[in-house]
Protein chains: 2
Amino acid sequence: MPDHLLIIGGVAGGMTAATWARRQSPTAKITVVERGHDVAYAECGMPYVFGGQVPNLDNLIRYQTTELKEKHQVEVLNNTNIEGLDLSRQFVEARNLKTNQTQKLGFDYLVLATGAKANRLDIRENYFNLEGVFSLRHMPDAKAIDEYLKKANPRQAVIIGAGYVGLEMAEALKMRGLEVSLVSRASDFLGTFTSELKKQIIAELTAKEIKLFPAEVLDIRGNKKVEQVVISNSVLSADIVIIAIGVSPEVTLAKANNIRLGASGAIAVKETQQTNFPNVYAAGDCAESHHLVLDKPCYIPLGTTANKQGRVAGINAVGGRTQFRGVVGTQVIKIFDLEVATTGLSLEQANKAGFMAKEITSNSVSRAGYYPGAEKVFTSLVYDERTGKLLGSQMIGKDMVAKRIDTIATALYGKLKIEDLLQLDLAYAPPFAPVWDPILYTVRKANI
Amino acid sequence: MPDHLLIIGGVAGGMTAATWARRQSPTAKITVVERGHDVAYAECGMPYVFGGQVPNLDNLIRYQTTELKEKHQVEVLNNTNIEGLDLSRQFVEARNLKTNQTQKLGFDYLVLATGAKANRLDIRENYFNLEGVFSLRHMPDAKAIDEYLKKANPRQAVIIGAGYVGLEMAEALKMRGLEVSLVSRASDFLGTFTSELKKQIIAELTAKEIKLFPAEVLDIRGNKKVEQVVISNSVLSADIVIIAIGVSPEVTLAKANNIRLGASGAIAVKETQQTNFPNVYAAGDCAESHHLVLDKPCYIPLGTTANKQGRVAGINAVGGRTQFRGVVGTQVIKIFDLEVATTGLSLEQANKAGFMAKEITSNSVSRAGYYPGAEKVFTSLVYDERTGKLLGSQMIGKDMVAKRIDTIATALYGKLKIEDLLQLDLAYAPPFAPVWDPILYTVRKANI
């Protein structure tokens, strides 16, 4: 009988593990257990459905379960919850949430791809009982929001949290025509960005008529349906509330079975994506990554990382041999017309980590200044003054910013020094860059 | 008396040398001698003036001579030709082309930034006597073309040469409403591109109604004004002809003074941009660069390289200490809606250079497939099968291609291996990339 690879979780990490395990091993038995109905969909795309750029949620689904079965010989048990795990006897207990029937599933190798769950507000516990209060994490959340938007036709939205999902949802609901208020703790309002980025993001949100409230959320009130969000200095009317105050790794199963967690609270993994149990792998938003600039584990849940980890877990679980070395912390977001891209460490993060960090910044342009469409680009570069080691970068602008950060991400992976950046042979033609690309333009300011 | 830095040539390499020498030394005497009227302009921008994206040639001028004098204390002698150079006695003989007066100018340090000249067709010598026949290299060429386009209102253009300038001029004149024929030798028609890039470029040119003639040019005929271009298999009517069959370094002065040339025919330089004479520097299109992938000198004249070399030459000439390590061969061009970007070595170049080269290719997308504006991206990666050393890449598509090549350019500079590419933490968000960026998507196909 072929080895049985059991994968818990069927979104980015889990489904990538399944399809790469299949490529690696034509014979392994592969089963994916997913609590929700849909598998293999793009969570990151959900805000764009609400904004109207993507017609509907089905467009985000990459594979149907039948296709996975027929094309990849991957068995999918959806609407199924894992209620017990026995690592020594190598089986799980799975309950079908539709039929309520349970079954035992044996396994030789296990991939935990249980993802992350939305953080909850530290107010009274039952605020989710009010109609119109949502968080956005998985497809069922998205379907509930989608249905509510169509049925209740809300006019006033309050978004709680100014992280990536909060900002994307603010844009989406504004584009849909709602009035949008964005509430976020004053102490860490856009806290990971340099002051210049923060300034430009706030200006863009304000220009697009998003009302900003740096405040604490004290209560969410209503009568069956949500009506108000009480914040420390005001009361906001609301007929839809999106709570987007970050996520935490879903590690209930791991914890209960002595699968080791890291300091971040996510599952600790080796470069092979193995946990402390050699036949148990973890991938995606439930797992840590190695931060290559800090040289220590971190928790930065992202779809692209989940895919890389899932690939490695899937290949290794069925006998292949590959590794995921880690991340440098690259992130990018579109906020209306702005592209905001960061990688590595900010000045503050770098100093906290013990580097003698220095930041150089510049304002330059995205294309040759005389070429139509050229827009301002602000660039910050952070490096260690003692060693010259490049540590990070932040970039913002309205044109051709997003993929420029990849140059720095690659330089960080390659452990380049700040002086190396000035030597880079970056693409130049007037429609695409000024003769000194923003990165080159900035690094000229370093004393090198 | 302060040291006198004399710079021959006032466009990219020369003017960058002047301004950076000034930043390095507030006291040095700096003189730039330029044969043409204008200095400090963007040659690469000239085609976009003819295409109408840039209103007029003056938009390309970065500094006026008065500004250079007043703001940077750089003396500019324009319309001035260097007629003699005496390296041992350290002076030049300069003739003002307007007044015909000559003067001797002493120097302590010399920067040769004499640029390149357009190659001539190997047909009868006097074809340039016909009105309407041009090459495009310097501002005087551009002014002549501009004037002719406005005055003679030509309808039928023949572009000879399908290099970067030929392709850009074909697009420019087409956008201006002319009928455009593009003639290029069959044997090396788009010869440096992989077959897939060639195919897509030809399809785009054809879709935009550029007539392609892979043929030899036998004659250019006319009666005072150009009328016909005779090619090996046809005769093309023409009332404007642009000859764009590459450039050669302008090294007359260097040759006459035993300044060493490299195998390419351009001036050989050290990392300091010094020639074989320690007080003589060279920068820009008259000089070689070190090719970091081939680890040997090369001649790839480009504005961005000229700027980097000029900066290094200028700083070092007045007592600073910096270096230009070289290029990896990055080039990018817009051809109508297409972005075509290459860096490093093609499969053929790599094999010729002795590598055991292997190419992997893929078709992927510029943004998440479900996000509006996503377009196909073709990516090729070349590496050495023995060592895994990354050697080059070619990319083509209609959206967000140009700056993606910078990732590979950076990886080449950092001497990464093909397997490293799969680890890169490239920016991901649905508006900017699929979850597997085209580079990651491609490298997954390598057997690593």
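Student: What's the story with the overall build of chain A in this structure? I'm lost.
Tutor: Each helix and strand in chain A was counted, giving 12 helices and 25 strands. The C-alpha atoms of chain A give a radius of gyration of 23 Å, which matches the 22 Å a tight globule of 448 residues would have. A principal-axis box enclosing the C-alpha atoms of chain A has dimensions of 65 × 55 × 40 Å. Within chain A, the fraction of its 448 residues that count as buried is 61%. Of the contacts made within chain A by residues no fewer than 6 positions apart, 61% connect residues no fewer than 24 positions apart.

Student: Please clarify how the environment of K71 of chain B should be interpreted in this entry.
Tutor: Structurally, K71 of chain B is set in helix α3 (residues 65-72). Spatially, the C-alpha atom of K71 of chain B lies 10.0 Å from that of T19 of chain B, the residues being 52 residues apart in sequence.

Student: Is there a simple way to think about the relation of the copies chain A and chain B in this case?
Tutor: Here the second copy of the chain follows from the first by a rotation about an axis and a shift along it. Screw-axis analysis of chain A against chain B gives a translation of 0.0 Å along the axis, an RMSD of 0.0 Å, and a rotation angle of 180 degrees. The superposition operator between the copies reduces to a two-fold rotation axis. Residue T407 of chain A of chain A places its C-alpha closer to the rotation axis than any other residue of that unit, at 2.5 Å. Interface overlap between copies: 100% of the residues of chain A at the interface are likewise at the interface in chain B, consistent with a symmetric, same-surface contact.

Student: Just checking my understanding: could you explain the packing of aromatic side chains for this structure?
Tutor: Each pair of aromatic rings is reported with the distance of its centres and the angle of its planes. Residue and element names in this part refer to chain A. Counting across every chain of the model gives six aromatic pairs over all chains. If you follow R62 out to its NZ or CZ, it ends over the ring of Y63, 4.4 Å from the centre. The ring of W436 carries R444 above its face, with NZ or CZ at 4.7 Å from the centroid.

Student: Help me out: how do you make sense of the interface of chain A and chain B in this one?
Tutor: For interface size, the figure often reported is the accessible area lost on association. Listed by partner, the interface residues are 64 residues for chain A and 64 residues for chain B. Regarding the contact of chain A and chain B, the summed buried area is about 5,800 Å², with carbon and sulfur atoms giving 62% of it. When the buried surface of chain A facing chain B is broken down by residue, K403, Q423 and D425 of chain A rank first, second and third, together holding 15% of it. At the junction of chain A with chain B, the criterion picks out six salt bridges. For the salt bridge of R325 of chain B with E419 of chain A, the shortest nitrogen-to-oxygen distance reads 2.8 Å. Every element with two or more residues in the side of chain A that touches chain B is listed here: α1 (12-24), α8 (303-317), β21 (331-335), α10 (405-413) and α11 (418-421) of chain A. Of the residues that constitute the side of chain A that touches chain B, the class distribution is 35 nonpolar, 15 polar and 14 charged.

Student: What's the story with the packing of α1 of chain A against α8 of chain A in this structure? I'm lost.
Tutor: For any two helices packed against each other, the geometry comes down to the angle between their axes and how far apart the axes lie. Residue and element names in this part refer to chain A. Between α1 and α8, the shortest axis-to-axis distance is 7 Å and the interhelical angle comes to 40 degrees. In terms of axis orientation, α1 runs oblique to α8. Considering only the axes of α1 and α8, their crossing is right-handed. Residues A12, G13, T16, A17, W20, A21 and Q24 of α1 lie in contact with α8, whose contacting residues are A306, N307, G310, R311, G314 and I315. Partitioning the contact of α1 with α8 into residue classes produces six nonpolar, six polar and one charged.

Student: Just checking my understanding: could you explain the environment of V443 of chain B for this structure?
Tutor: By the element assignment, V443 of chain B lies in helix α12 (residues 438-443). For V443 of chain B, a relative accessible area of 0% corresponds to the buried category.

Student: Can you walk me through the pattern of salt bridges in this structure?
Tutor: When charged atoms on two side chains of opposite charge get close, those side chains can pair. All names here are of chain B. Under the definition given, this model contains 54 salt bridges over all chains. In this structure, the salt-bridge partner of K143 is D38, at a minimum N-O distance of 2.8 Å. You can see K143 sitting in helix α4 (residues 139-152) and its partner D38 sitting in the loop between β2 (29-33) and α2 (46-51), a full 105 residues away along the chain. Since its relative accessible area comes to 36%, K143 is described here as partly exposed.

Student: How do you make sense of the side chain of S25 of chain B when you look at a structure like this?
Tutor: Its location among the elements puts S25 of chain B in the loop between α1 (12-24) and β2. Here A28 of chain B takes part through its backbone nitrogen, which lies 2.9 Å from a polar atom of the side chain of S25 of chain B.

Student: Just to check I follow, could you spell out the sheet that holds strand β3 (residues 74-77) of chain A for this structure?
Tutor: All names here are of chain A. Reading across from one edge, β3-β2-β1-β7-β18 is the order of the five strands in this open sheet, with parallel pairing throughout. Each edge of the open sheet is held by one strand with a lone partner, namely β3 and β18 (280-282). Sheet twist, expressed as the average angle between the axes of neighbouring strands with direction ignored, equals 20 degrees.

Student: Please explain unusual backbone geometry as it appears in this structure.
Tutor: Among all residues except glycine, the phi angle is most often negative; among peptide bonds, the trans geometry is most common. At N258 of chain A, a position not held by glycine, the phi torsion is positive, near 60 degrees. Within the element layout of this structure, N258 of chain A appears in the loop between α7 (252-256) and β18. Its identity as a non-glycine residue notwithstanding, N79 of chain B has a phi of 50 degrees, on the positive side. Relative to the assigned elements, N79 of chain B resides in the loop between β3 (74-77) and β4 (80-86). N79 of chain B gets classed as buried once you look at its relative accessible area, which sits at 11%.

Student: I keep staring at the pairing of strand β2 (residues 29-33) of chain A and nothing clicks. Help me out?
Tutor: Each regular strand carries side chains that alternate between the two faces of the sheet. Residue and element names in this part refer to chain A. When you tally the buried positions in β2, you get four out of five residues, the bulk of the element. Of the crossover connections in this fold, the one passing from strand β1 (residues 4-8) over α1 to the parallel β2 is right-handed. In this sheet, β3 lies alongside β2 in parallel orientation, the contact comprising four bridges. When the sheet's bridge partners are listed, I30 is paired in β3 with V74.

Student: Please clarify how helix α6 (residues 195-207) of chain B should be interpreted in this entry.
Tutor: Since there are 3.6 residues in each turn of an α-helix, residues three or four apart along the chain are aligned in direction. Helix length check: α6 of chain B (13 residues) gives 18 Å between terminal C-alpha atoms against 18 Å at 1.5 Å per residue, within 8%. Where α6 of chain B terminates, the next one or two residues include E209 of chain B, which has phi positive at roughly 65 degrees.

Student: I tried to follow the sheet that holds strand β15 (residues 234-237) of chain A on my own but got confused; where do I start?
Tutor: Sheets are built from strands that pair by backbone hydrogen bonding, the pairs being arranged parallel or antiparallel. All names here are of chain A. In spatial order, the strands read β13-β14-β15; together these three strands make up an open sheet with antiparallel pairing. Of all the strands in the sheet, the pair left with one neighbour each is β13 (217-223) and β15. Pairs of neighbouring strands in the sheet enclose a mean axial angle of 25 degrees, with direction left out of account. Pairing analysis gives four bridges linking strand β14 (residues 225-231) to β15, with the strands arranged antiparallel. Bridging across to β15, V229 finds its partner in L236.

Rules used throughout
- Residues numbered from 1 in each chain as written.
- Chains lettered and ligands numbered in written order.
- Predicted model: local features only at pLDDT ≥ 70, side-chain atom pairs only at ≥ 80, totals over all residues.
- Heavy atoms only, no water.
- Helix = DSSP H or I, 4+ residues; strand = E, 2+ residues; numbered from the N terminus.
- Rg over C-alpha atoms; globule rule 2.2 N^0.38 Å.
- Buried < 20%, exposed > 50% of the residue type's maximum accessible area, 1.4 Å probe, protein only.
- Contact = heavy atoms within 4.5 Å.
- Least-squares fit on C-alpha atoms with pLDDT ≥ 70 in both.
- Phe/Tyr/Trp six-rings, centres within 6.5 Å; stacked < 30°, edge-to-face > 60°.
- Lys NZ or Arg CZ within 6 Å of the ring centre and 35° of its normal.
- Buried area = accessible area lost by both parts, 1.4 Å probe.
- Salt bridge = Lys/Arg side-chain N within 4 Å of Asp/Glu carboxyl O.
- Nonpolar A, V, L, I, M, F, W, Y, C, P; charged D, E, K, R; others polar.
- Axes fitted to C-alpha atoms, helices over the stretch in contact; angles between N-to-C directions.
- Parallel < 35°, antiparallel > 145°, perpendicular 65-115°, else oblique.
- Left-handed = near helix turned anticlockwise from the far one by under 90°.
- Polar contact = N/O pair within 3.5 Å; in protein donor to acceptor, adjacent residues only side chain to side chain.
- Pairing = 2+ DSSP bridges.
- Right-handed = clockwise from strand over helix to strand, strands pointing away.
- Expected span 1.5 Å × (residues − 1).

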